[in-house]
Amino acid sequence: MRVYLAGAVLSCAMISSSPVHAQAVSAPAPVASVLPSAGTALDDPGPLFDDYYIGPYDLLEITVFQVDDLSRTVRVNARGLIGLPLIGQVQAAGLSARVVEEEIARRLTECCLQDPQVTIFIKEFVSQRVTVEGEVTKPGIFPLSGRTSLLQAIALAAGVSEIADINQVSIFRTLADGNKEQLVFDLEAVRSGKVDDPLIQGNDVVVVGSSTTRSMVKGVTDTLRGFIGFGTVR
């Protein structure tokens, strides 16, 4: 499983106290040896900021510039395919709209058009859902009605709880090849704009962990409130 870290602040022997931004890590390489320092610009953020992956039953509006006969609205079938004139079936599920655009343009170039300009607009994200769990107010499974970022996904769950560890928010994702990856984000860095707000992909699982320090403080506070409340009873 590949692990991505974004804006995470790691302690102890793993890394220094400086916050970091995004970097892919292939286990079992030491994490601390490959993380950039704060403020480092990444030339290729990779899958962290790619478009949604299209899924079965999503509705796509496909436009071929100045060729109305080839422009149409199609729904991805259960096998992840769409059917188009002249070129037949095209794989769409598991790919971003940009990749499908390029594939359609390539096939049209091979068969009949010179330099076709293809654009895809995803009208319905029927297959796309995100699970948000852990230290959030209302954990659950939420449908994605459009491009949704990590902050927006957490907002769907009514925000984080008072004991949430906002410096260690994980996105668990299953890739098209069946491999799994974990992306770790510092939500505070995302909110402040130090780290880009990453896009959620269909079937992502967002997990907000709990902060040991905040849990202890809450426990002490609740205990004190109990004593105070007990002392005021007559």
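What counts, and where the lines are drawn
- Residues numbered from 1 in each chain as written.
- Predicted model: local features only at pLDDT ≥ 70, side-chain atom pairs only at ≥ 80, totals over all residues.
- Heavy atoms only, no water.
- Salt bridge = Lys/Arg side-chain N within 4 Å of Asp/Glu carboxyl O.
- Helix = DSSP H or I, 4+ residues; strand = E, 2+ residues; numbered from the N terminus.
- Buried < 20%, exposed > 50% of the residue type's maximum accessible area, 1.4 Å probe, protein only.
- Pairing = 2+ DSSP bridges.
- Axes fitted to C-alpha atoms, helices over the stretch in contact; angles between N-to-C directions.
- Polar contact = N/O pair within 3.5 Å; in protein donor to acceptor, adjacent residues only side chain to side chain.
- Contact = heavy atoms within 4.5 Å.
- pLDDT = per-residue confidence, 0-100.

S.K.: Kindly report on the pattern of salt bridges, identifying the contributing residues and their values.
M.R.: One pass over the full model with this rule turns up eight salt bridges. When the shortest N-O distance is used, the salt bridge between E61 and K123 registers 3.9 Å. Of the two residues, E61 sits in strand β3 (residues 59–64) while K123 sits in strand β7 (residues 118–124), which places them 62 residues apart along the sequence. E61 sits in the partly exposed class, given a relative accessible area of 30%. The class of K123 is partly exposed, set by a relative accessible area of 42%. A salt bridge links E103 to R107; the shortest N-O distance between them is 2.9 Å. Remark: R107 and E103 occur in helix α1 (residues 97–111); sequence separation between them is four residues, near one turn of the helix.

S.K.: Tell me about the pairing of strand β8 (residues 129–134), and name the residues and values.
M.R.: In terms of strand pairing, β8 meets strand β9 (residues 140–143) through four bridges, oriented antiparallel. Note on β9: the bridge partner recorded for T131 is I141. Pairing of β8 with strand β12 (residues 204–210), which is carried by five bridges, proceeds in the parallel orientation. In the sheet register, T131 faces β12, and the bridge partner there is V205.

S.K.: Tell me about the environment of G80, and name the residues and values.
M.R.: Summarising the element assignment, G80 is placed in the loop between β4 (72–75) and β5 (81–84). Its relative accessible area of 1% is what places G80 among the buried residues. Separated by 14 residues in the primary sequence, G80 and G94 have C-alpha atoms spaced 7.8 Å apart.

S.K.: Could you give an account of the sheet that holds β3, with specific residues and numbers?
M.R.: Taking strand neighbours across the sheet as the criterion, the three strands line up as β4-β3-β7 in an open arrangement whose pairing is antiparallel. With one partner strand each, in any of the chains shown, β4 and β7 form the two edges of the open sheet. For this sheet, the mean angle separating the axes of adjacent strands, direction not counted, is 25°. Inspection of the sheet shows β3 paired to β7 by six bridges, in the antiparallel sense.

S.K.: Can you break down unusual backbone geometry residue by residue, with the values?
M.R.: Even without being glycine, Q66 reaches a positive phi, approximately 65°. Given a relative accessible area of 69%, Q66 falls into the exposed group. Despite not being glycine, N203 shows a phi value in the positive range, around 70°. Looking at where N203 falls in the secondary structure, it is placed in the loop between α3 (187–192) and β12. Accessibility expressed as a relative area gives 58% for N203, which makes it exposed.

S.K.: Mind laying out the side chain of S170, listing which residues take part and the relevant values?
M.R.: Its location among the elements puts S170 in strand β10 (residues 164–174). With relative accessibility at 9%, the residue S170 sits in the buried group. Looking at S170, its side chain comes within polar contact range of the side chain of Q182, at 3.0 Å. Once residues within four sequence positions are removed from consideration, S170 is found in contact with Q182, L183, V184, V205, V206 and V207.

S.K.: Just give me the short version of the confidence of the model for the protein, but keep the residues and values in it.
M.R.: Averaged over every residue, the pLDDT of the protein is 76; the share at 70 or more is 69%. Confidence over residues 7–50 falls short of pLDDT 50; this stretch has 75 contacts with residues more than four positions distant or in other chains.

S.K.: Talk me through the side chain of D204; I want residue IDs and the actual numbers.
M.R.: Turning to its location among the elements, D204 is positioned in strand β12. Discounting chain neighbours no more than four positions away, the residues touching D204 are R129, V130, T131, I171, F172 and R173.

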